[in-house]
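# Residue-level structure breakdown
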Amino acid sequence: MVRGCLLSAGSSGLAGGTRIIITAADMTERKRADEERQALSLKLEESKARLEEAQRVAHIGHYEWNLIANRVTWSDELYRIYGLRPQEGPIDMAMVGEMIHRDDRERVFRAAEEAVRNAVHTEAEHRVVRPDGEVRIVQGLGTVKRDATGRAYEMFGTVQDITDRKRAEEALKRSQLYLSEGQRLAHMGSWAFNAAGFDYWSSGLFQVHGLDPRGKPPTVEEYLDLVHPEDRDFMERQVHKMSVEHRDFDFTKRIVRSDGQIRHVRCAGVPLTDGGTFKGFIGTGIDVTEQELLTQELRRERAYLAEAQSLTHAGSWACNFRTGEIFHLSDEALRIYGFDPSQGPIPFERLYKATHPEDEPALRGKFYGAIQARMDYDLEYRIVRPDGAIRTLRSLGHHNPSHEIGEYIGITMDITERKRAEEERARLRQLEADLAHINRVNMMGELATALAHEIKQPIAASITSANALLRWLAHDPPDLERARAAAVRIEQDNNRAADVINSLRSFYRTGTPAEREIVDVKEIVGEMTVLLRVEADRHSVKIHPELEADTPKILANRVQLQQVFINLMLNAIEAMKDTGGELTIRSRRNTEGRLIVSIIDTGVGLPAGRSEQIFDPFHTTKPQGTGMGLTITRSIVESYGGRVWATVNQDTGATFHFTLPGETEAHE
Amino acid sequence: MKPAAVPTVFIIDDDRGMRQAVQDLVESVGLGAESFATGQEFLNRQPTSDPSCLVLDVRLPQMSGLDFQRRLTEIGMQIPIIFITAHGDVPMSVRALKSGAVEFLTKPFRDQDLLDAIQQALQRDRAVREQQAEVHELHGRYQALTAREREVMGLVVSGMLNKQIASEIGASEATVKIHRGNVMQKMQAGSLIELVRLADKLKLVLPK
């Protein structure tokens, strides 16, 4: 039994615990063997050191578990992984068990037992709690060795500290999660595109397009199908441009989701190159529907505002008059000043210089006065536009609540037309007043003839009676009775003449203020009937006053009321001048105590459908008419709070009605 | 009953004061006068055989004085008219006078102007009435002629000789002479010239 012996080569001194078996065949070769051994030992030392170095760098340790002796030996690195100082000899397994993270412990042991019992390889990832409390993640691998009978006698394995890798992986995972979650929240996604089509779509991008994130990125054709039909041509052109120009792009188009929802997707991309060679594009797709709708809404509102400003010729602005800085100046404001808004902003000084030279001094005083006093202002002034047109503006400035000196917001309106219309109205009013006077003068002319007859009649009669009286006296003997009778007639006739003159005297007063007194309408109708009798007779018109006993007295200007009656009665007579007829004047008190007068004729009636227009100024059907008679009538009646209107009679002719407040009502 | 010889002045004026005054004035010079407010009232009155005239206001309610004048002509009532008016114009007065008015006076007028016009009008009415009376009497004489005598008279005043007349009516010249004598006697004509004048007054339509 000299043939050999088994030597343990001091495994404890060797890192990694590799078992070295040396066979000595012959003792005679011992010397040579010693030498060889020495060389070998050196080599061994070297490789042990290298192995140890390698294990340290890779954070890998190894162990041997003698299953028969139930003894475990660790490499130095394994000790370090466990946060322990490397030591000789077997390690206390109970302590190791304690160091495995409580939650992993059972699983690790069960895996080892399982491997020993049934399997050859085992693999387990678990946490280790170092003595200083630090938790490390390790991956253990083990191989079970069995003898010819299948009995397991040893387990050999490695343990790698994968904490750093694991943490990096988790960080990556987390950042990926954050990214995709961020994309989801931002309604955006990313993509990659190369010559073959879409290479990559992030889940966010699938969501943006309403697609299942587990699907494959669409082909270009599929993608175009997603695009809104109205944007499809545009999109096709963009894709073509991308492939030709290889340039950055950023545009927004609409897509239609499978549920029919239309979304606005902003698509931005940059070209991807590798060493100057074009590889494709990467980019993002963002659902900007809400922003787009908001933008559209904003645009619409701006358009409405601009439209409103343009319609009202009102421009808005905000500026600091002290610094001349303009914060806002609407297009209409520029247009009001005669500038083209598309030409860009105009400095404040230039706008101010447009002020009409005649208005500038006054404006300057008020304008700068308001600014210094930090007061709101409301100014009216003219400007001269670049083309020489003169416009009248009204500017309202509100001192900004920010209380910056000189800062104002306001609007400026072009009131030229309004101003012109106001002047025109004033002119028309004057004209109307003039015409009213002229009308009255004309009417006087017409009436003068009638009046002459009316007054001449009693005078002529009295002269004739006087002649007769003289002749009765010249009789021999004088016929005194007949003479007295003639004298009585003379008196009557003269009184009659005086009455006519009295009733008309008021017509000769012009321009006197409208003094109001309590007027008996019946009396006025009586006077007017007398006054117009001749005119009526000439046209074979009979006048029938039908005045109810309770016709209210009214508080009015006598002359004006006479004018109302004269106008309406002359109109009625005029309407019957070719046919003759009847002119009826009715007056009564209505339930509210107001006076209602109706002047009814049997004449030609009213122009069809024009019963309102006949009251308009200058509306006339008579060749010589001024068209103001009814206008004046209406303005008088309305000045008393009354109303005048016309109706067509059932049989023939027309009726003009007017209401006036009764005396008591007018007093209130 | 007033004496038959007193002429009457009719006054139509819608102004009571005026028509009373005129009536009084007319009566003060001893003429008869009646006044009316309208033309119709006047027409309703029985016509008079005495000399009369009409003082007529131009402006009347229903029918103007000028229209009333035409109306009177239409119904064959011949009465001289004096127009009075508060303000007449020239065309109006021309039209009135052309239609046979005696005078056109503007109120107020001088009383003498009216009375003169009335006298003139009455004079004219008297002349007309006399003429009418004469024609009336001539008619009576003419009515007394036989048919043959009227035929002969017509031929005589047309200037035919007895011989021509005889051949015209198919009778002897002697018979014509007898008829002619009867005509002269019944018509109370002293000469052929007088007979022609009478025939003219009767406005006989002479056979050609």
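What this report covers is the structure whose coordinates are included nearby. (Residues numbered from 1 in each chain as written. Chains lettered and ligands numbered in written order. Predicted model: local features only at pLDDT ≥ 70, side-chain atom pairs only at ≥ 80, totals over all residues. Heavy atoms only, no water.)

Turning to the overall build of chain A, a few remarks are in order. What chain A contains, in helices and strands, is 18 helices and 22 strands. When burial is assessed residue by residue, chain A has 39% of its 668 residues classed as buried. Long-range pairs, those at least 24 residues apart, make up 54% of the contacts in chain A between residues at least 6 apart in sequence. When the accessible surface of chain A is summed, it comes to about 38,800 Å², and 53% of that surface belongs to carbon and sulfur atoms. (Helix = DSSP H or I, 4+ residues; strand = E, 2+ residues; numbered from the N terminus. Buried < 20%, exposed > 50% of the residue type's maximum accessible area, 1.4 Å probe, protein only. Contact = heavy atoms within 4.5 Å. Areas by Shrake-Rupley, 256 points an atom, 1.4 Å probe, with all protein chains shown as cover.)

Together, Val270, Leu272 and Ile282 of chain A line one region of the surface with nonpolar side chains, adding up to about 210 Å² of accessible area. Take Leu272 of chain A: its relative accessible area is 36%, and that puts it in the partly exposed class. (Patch = residues over 30% accessible without salt bridge, like charges linked within 9 Å, V, L, I, M, F, W, Y side chains within 5 Å. Salt bridge = Lys/Arg side-chain N within 4 Å of Asp/Glu carboxyl O.)

Residues and elements named next belong to chain B. Interhelical geometry of helix 6 (residues 147-157) versus helix 8 (residues 173-186) gives an angle of 90° and a closest axis separation of 9 Å. Taken together, the axis directions place helix 6 and helix 8 in an arrangement best described as roughly perpendicular. Side by side, helix 6 and helix 8 meet where Arg148, Glu149, Val152, Met153 and Val156 of the first sit next to Val176, His179, Arg180, Asn182, Val183 and Lys186 of the second. Taken together, the residues of the contact of helix 6 with helix 8 sort by class into five nonpolar, two polar and four charged. (Axes fitted to C-alpha atoms, helices over the stretch in contact; angles between N-to-C directions. Parallel < 35°, antiparallel > 145°, perpendicular 65-115°, else oblique. Nonpolar A, V, L, I, M, F, W, Y, C, P; charged D, E, K, R; others polar.)

Counting residues at the interface gives 24 residues for chain B, matched by 23 residues for chain A. Note on chain B versus chain A: buried area summed over both sides is about 2,100 Å², and carbon and sulfur give 51% of it. In terms of surface lost to chain A, no three residues of chain B exceed Asp24, Ser28 and Pro108 of chain B, which account for 23% of the buried area on that side. Inspection of the chain B/chain A interface yields five salt bridges. Ionic pairing is found between Arg482 of chain A and Glu27 of chain B, a salt bridge with its closest N-O pair at 2.3 Å. Inspection of the region where chain B meets chain A yields nine residue pairs in polar contact (both at pLDDT 80 or more). Every element with two or more residues in the side of chain B that touches chain A is listed here: helix 1 (16-28) and helix 5 (111-144) of chain B. Take the side of chain B that touches chain A: its biggest share by element is nine residues, from helix 1 of chain B. Counted by class, the side of chain B that touches chain A contains ten nonpolar, six polar and eight charged residues. (Buried area = accessible area lost by both parts, 1.4 Å probe. Polar contact = N/O pair within 3.5 Å; in protein donor to acceptor, adjacent residues only side chain to side chain.)

Listed in full, the buried residues belonging to helix 17 (residues 629-639) of chain A are Leu630, Thr631, Ile632, Thr633, Arg634, Ile636 and Val637 of chain A. Looking one or two residues beyond helix 17 of chain A, the residue adopting positive phi is Gly641 of chain A, at roughly 80°.

Our focus in this paragraph is the packing of aromatic side chains. Residue and element names in this part refer to chain A. Tallying each qualifying case throughout the model produces 31 aromatic pairs over all chains. Look at Phe278 and Phe281: their rings are 5.5 Å apart centre to centre, the planes differ by 70°, and that puts the pair in the edge-to-face class. Each ring, one from Phe321 and one from Phe348, has its centre 5.1 Å from the other, and the planes form 50°; the classification is tilted. With Phe321 in the loop between strand 11 (314-320) and strand 12 (325-329) and Phe348 in helix 11 (residues 348-353), this residue pair connects regions lying 27 residues apart in the sequence. Considered together, Phe321 and Phe348 belong to a single accessibility category, that of buried residues. Among the aromatic residues, ring-to-ring pairing joins Trp191, Phe193, Phe198, Trp201, Phe206, Tyr223, Phe234, Phe249, Phe251, Phe278 and Phe281 into one connected group. (Phe/Tyr/Trp six-rings, centres within 6.5 Å; stacked < 30°, edge-to-face > 60°.)

Residue and element names in this part refer to chain A. A grouping of Glu221, Glu222, Asp225, Asp233 and Glu236 is seen on the molecular surface, where their side chains present a negatively charged patch. Sorting the residues of the negative patch by element identifies helix 7 (220-226) and helix 8 (229-245) as the ones contributing at least two each. In terms of residue count, helix 7 provides more of the negative patch than any other element does, three residues in total. Along the chain, Glu236 turns up in helix 8. For Glu236, a relative accessible area of 43% gives the class partly exposed. (Lys, Arg positive; Asp, Glu negative; His and termini not counted. Charge placed at Lys NZ, Arg CZ, Asp CG, Glu CD.)

Moving on, we get to the packing of helix 16 (residues 558-575) of chain A against helix 17 of chain A. Residues and elements named next belong to chain A. Direction vectors running N to C along helix 16 and helix 17 enclose 145°, while the axes themselves pass 9 Å from each other. Regarding helix 16 and helix 17, the two cross each other, and that crossing is left-handed. Here helix 16 contributes Gln560, Gln563, Val564, Asn567, Leu568 and Asn571 to the contact with helix 17, which in turn contributes Gly629, Leu630, Ile632, Thr633, Ile636 and Val637. Residues of the contact of helix 16 with helix 17, tallied by class, amount to six nonpolar, six polar and no charged. (Left-handed = near helix turned anticlockwise from the far one by under 90°.)

Take helix 8 of chain A next. Residues and elements named next belong to chain A. In this model helix 8 runs 25 Å from its N-terminal to its C-terminal C-alpha over 17 residues, within 8% of the 24 Å that 1.5 Å per residue would give. Of the residues making up helix 8, those classed as buried are Asp231, Met235, Gln238 and Met242. Elements that come into contact with the buried residues of helix 8 comprise strand 6 (188-194), helix 7, strand 8 (249-256) and strand 10 (277-287). (Expected span 1.5 Å × (residues − 1).)

Residue and element names in this part refer to chain B. Taken in spatial order, the five strands line up as 2-1-3-4-5 in an open sheet, and their pairing is parallel. The two strands at the open ends of the sheet, each matched to only one other strand, are strand 2 (32-36) and strand 5 (103-106). Taking the axes of each pair of neighbouring strands and ignoring which way they run, one obtains an average angle of 20° across the sheet. In this sheet, strand 2 lies alongside strand 1 (residues 8-12) in parallel orientation, the contact comprising five bridges. By the bridge assignment, Thr8 is partnered in strand 2 with Gly32. Lying on the sheet, helix 4 (residues 90-98) is in contact with strand 4 (81-85) and strand 5; it crosses strand 5 at an angle near 150°. (Pairing = 2+ DSSP bridges.)

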